[in-house]
Protein chains: 2
Amino acid sequence: MTDKKEHIVNSAVELFAEKGFEGTSIRELAAKAEVNVAMVNYYFGSKEKLFEAMVAQKAAYSRGMIDEIVKDKTLSDIEKIDRIIDGFVNRLFTNRKFHRIIHQELMLSQRENLQQAIVDILYPNSLAVKTLIDSAIKKGSFKKVDSALVIATVIGTINHVLLSKKMCNKLFGKEDSHVPYEDPKFIKRVGDHLKEIMHAYLLKN
Amino acid sequence: MTDKKEHIVNSAVELFAEKGFEGTSIRELAAKAEVNVAMVNYYFGSKEKLFEAMVAQKAAYSRGMIDEIVKDKTLSDIEKIDRIIDGFVNRLFTNRKFHRIIHQELMLSQRENLQQAIVDILYPNSLAVKTLIDSAIKKGSFKKVDSALVIATVIGTINHVLLSKKMCNKLFGKEDSHVPYEDPKFIKRVGDHLKEIMHAYLLKN
DNA sequence: AAAAATTAATTAAACGTTTGTTTAATTCAA
DNA sequence: TTGAATTAAACAAACGTTTAATTAATTTTT
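Residues numbered from 1 in each chain as written. Chains lettered and ligands numbered in written order. Predicted model: local features only at pLDDT ≥ 70, side-chain atom pairs only at ≥ 80, totals over all residues. Heavy atoms only, no water.

As a further point, take the protein's contact with DNA strand D. Within the structure, DNA strand D sits among 15 residues, and Tyr42 and Tyr43 of chain A together with Ile26, Arg27 and Lys47 of chain B are positioned closest to it. Per the 4 Å cut-off to the protein, sugar and phosphate atoms form 51% of the nearby atoms of DNA strand D. Tyr42 of chain A is positioned with one of its side-chain polar atoms (N or O) 2.6 Å from a phosphate oxygen of DNA strand D. The separation between a phosphate oxygen of DNA strand D and a polar main-chain atom of Lys47 of chain B is 2.8 Å. Mapped by element, the contributors of at least two residues to the surface near DNA strand D are helix H3 (37-44) of chain A together with helix H2 (26-33) and helix H3 (37-44) of chain B. (Near = heavy atom within 4 Å. Polar contact = N/O pair within 3.5 Å; in protein donor to acceptor, adjacent residues only side chain to side chain. Helix = DSSP H or I, 4+ residues; strand = E, 2+ residues; numbered from the N terminus.)

With that settled, consider the domain arrangement of chain A. Residue and element names in this part refer to chain A. Entries for chain A in the domain assignment read domain 1 (1-45) and domain 2 (48-202). Between the C-alpha centres of domain 1 and domain 2 there is a distance of 27 Å. Contacts between domain 1 and domain 2 engage 15 residues on the former and 15 residues on the latter. Both faces considered, domain 1 and domain 2 share a buried interface measuring about 1,400 Å² in area, 68% of it formed by carbon and sulfur atoms. The interface formed by domain 1 and domain 2 holds two salt bridges in total. Across the pair Arg111 and Glu22 runs a salt bridge whose closest N-O atoms are separated by 2.9 Å. The element contributing the most residues to the side of domain 1 that touches domain 2 is helix H1 (residues 3-19), with eight residues. Residues belonging to the side of domain 1 that touches domain 2 are distributed by class as follows: eleven nonpolar, two polar and two charged. (Domains from an automatic or database assignment. Contact = heavy atoms within 4.5 Å. Buried area = accessible area lost by both parts, 1.4 Å probe. Salt bridge = Lys/Arg side-chain N within 4 Å of Asp/Glu carboxyl O. Nonpolar A, V, L, I, M, F, W, Y, C, P; charged D, E, K, R; others polar.)

Further remarks concern the protein's contact with DNA strand C. The immediate surroundings of DNA strand C are formed by 15 residues, with Ile26, Arg27 and Lys47 of chain A together with Met39 and Tyr42 of chain B found nearest. In DNA strand C, atoms within 4 Å of the protein come from the sugar-phosphate backbone in 49% of cases. At a separation of 2.8 Å, a phosphate oxygen of DNA strand C approaches a polar backbone atom of Ile26 of chain A. Measuring from a base oxygen of DNA strand C, one finds a side-chain N or O atom of Arg27 of chain A at 2.8 Å. The residue inventory of the surface near DNA strand C, partitioned by class, reads six nonpolar, five polar and four charged.

Moving on, we get to the relation of the copies chain B and chain A. The relation between the two copies of this chain is a rotation about an axis and a shift parallel to it. Superposition of chain B onto chain A requires a rotation of 180 degrees combined with a translation of 0.0 Å along the rotation axis, giving an RMSD of 0.0 Å. The symmetry that links the two subunits is that of a two-fold axis. Among all residues of chain B, the minimum C-alpha distance to the rotation axis is found for Gly156 of chain B, at 2.1 Å. Comparing interface residues between copies, 100% of those in chain B also sit at the interface in chain A, which points to an isologous, same-surface contact. (Least-squares fit on C-alpha atoms with pLDDT ≥ 70 in both.)

Contacts between chain B and chain A engage 53 residues on the former and 53 residues on the latter. Note on chain B versus chain A: buried area summed over both sides is about 4,900 Å², and carbon and sulfur give 65% of it. Among the residues of chain B in contact with chain A, Met107, Lys166 and Leu171 of chain B are the three that bury the most area, contributing 14% of the side total. For the pair chain B and chain A, the number of links is 21 residue pairs in polar contact (both at pLDDT 80 or more). Within the residue set of the side of chain B that touches chain A, elements represented by two or more residues are helix H1 (3-19), helix H7 (96-107), helix H8 (112-139), helix H9 (147-163), helix H10 (165-171) and helix H11 (184-202) of chain B. Per element, the largest residue contribution to the side of chain B that touches chain A is twelve residues, and it comes from H9 of chain B. Partitioning the side of chain B that touches chain A into residue classes produces 22 nonpolar, 17 polar and 14 charged.

Below, the discussion takes up the environment of Phe16 of chain B. Residues and elements named next belong to chain B. Structurally, Phe16 can be placed in helix H1. Linking Phe16 and Phe51, residues 35 residues apart in sequence, is a C-alpha distance of 8.9 Å. In this structure Phe16 touches Phe21, Thr24, Lys47, Phe51, Met54, Ile101 and Gln104, once residues within four positions along its chain are discounted.

Here the focus is unusual backbone geometry. Residues and elements named next belong to chain A. Positive phi outside glycine occurs at Glu34, with the angle close to 55 degrees. Its place among the elements puts Glu34 in the loop between helix H2 (26-33) and H3. Given the relative accessible area of 68%, Glu34 is considered exposed. (Buried < 20%, exposed > 50% of the residue type's maximum accessible area, 1.4 Å probe, protein only.)

Moving on: the environment of Met65 of chain B. All names here are of chain B. Of note, Met65 is situated in helix H5 (residues 65-70). Considering only alpha carbons, one finds Met65 and Arg91, 26 residues apart in sequence, at a separation of 9.9 Å. When sequence neighbours within four positions are dropped, the list of residues in contact with Met65 reads Gly87, Phe88 and Arg91.

Okay, the pattern of salt bridges next. Here the structure, examined in full by the defined rule, presents 26 salt bridges over all chains. Among the salt bridges present, the one from Asp146 of chain A reaches Arg189 of chain B, with a minimum N-O distance of 2.5 Å. Of this pair, Asp146 of chain A sits in the loop between helix H8 (112-139) and helix H9 (147-163) while Arg189 of chain B sits in helix H11, placing the two residues on different chains. You can call Asp146 of chain A buried: its relative accessible area is 16%. A salt bridge links Lys188 of chain A to Asp192 of chain A; its shortest N-O distance comes to 2.6 Å. Of this pair, Lys188 of chain A and Asp192 of chain A both sit in helix H11 (residues 184-202), separated by four residues, roughly a single helical turn. Overall, the relative accessible area of 25% leaves Asp192 of chain A in the partly exposed class. Connected through shared salt-bridge partners, Asp86, Lys188, Asp192 and Lys195 of chain A make up one network.

See below:
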């Protein structure tokens, strides 16, 4: 991909995350990327196709990690859960702007096709975790829990923290200028919380 | 409030929840509310002021419930948590469209003032729950947990389920036409899951 | 109680901007 | 010299909003 195309995509991630798809104009986008307005349509065809191209490019961050953990035979089931939690936390925190866009797109009913595409990207992850938990329950190493909702709890907790900087800072007693998402201590704290919850919930006594 | 004003506000909730603020046009809104386009500005002054008026009106659903539970002396700490969870689940499920709008607004940086107003509405709830948990920890009835993140887990889990009907149905093995949010069994299931998690996490053995 | 005067509600049309997109000309690179 | 890249300008459509005229409702006066 050429420099300009990349510039446009990266500016799109920034602006769509902050202002949403409808709230971002091509002119604003072009200004941020320091290209002529016509370049967006020249390279991508339309605003919507730019959006789709951005998703297709950045969504690569999603695959692989969980499958590798699940099939690692040196790990116990709960160790796998721990690693999956760390994986999710790191991934969502580092890709939080793109993740926000995905979040917005799932919430709105504007572009049905793209929504379906996003579900198809995200669902395999959830399914893999669910399958792991269900097999651990069958083996007897986990309690009988609602495996589908466990994923909702893990992702939901991370999402809720990533949702609003303002809310997050208020909840954790930081001043408004603080950026909690780049604070390694805070990232660790979220991971530790989720692991402790899951240990207490999944493991038998 | 007059019939027409109410019609407009209710149509606004529907459309903003589905398409976002920027994605909803006054003309579409007026058509849905079956009023003339000029009526929106006549009654509310502007699109943004309509939005603010809607938030001010519908946000009343938020207050009171938690404080009442917290100060009820006939309940144990864990019973209070159970009731708070049920309260959140019922409230967010029944007001899910408005809740989506709040969610969107917190996520975007378009209307700073309104964002601050929403934080000021939501934060007292979180603080009350945090205070309850911290005092229970001090008393020795709860384990030493990260109280600020407990709220993130409760609200985050509910939010994640409410986020996308498509994703939700896929995760729970229902066909696309199913509306999980109006299924009492599903609502109970989410509440039960959260209560079980919190029992395992908060209570000592 | 009827008529007149006043205010509120409602409308279709127009306003000026901004939107995403395209064109046609020009510059650049191979 | 050909094709790709880049530009400023223009395009039609949609946007939020306002206007000016009309109808409906309310209040005041007779």
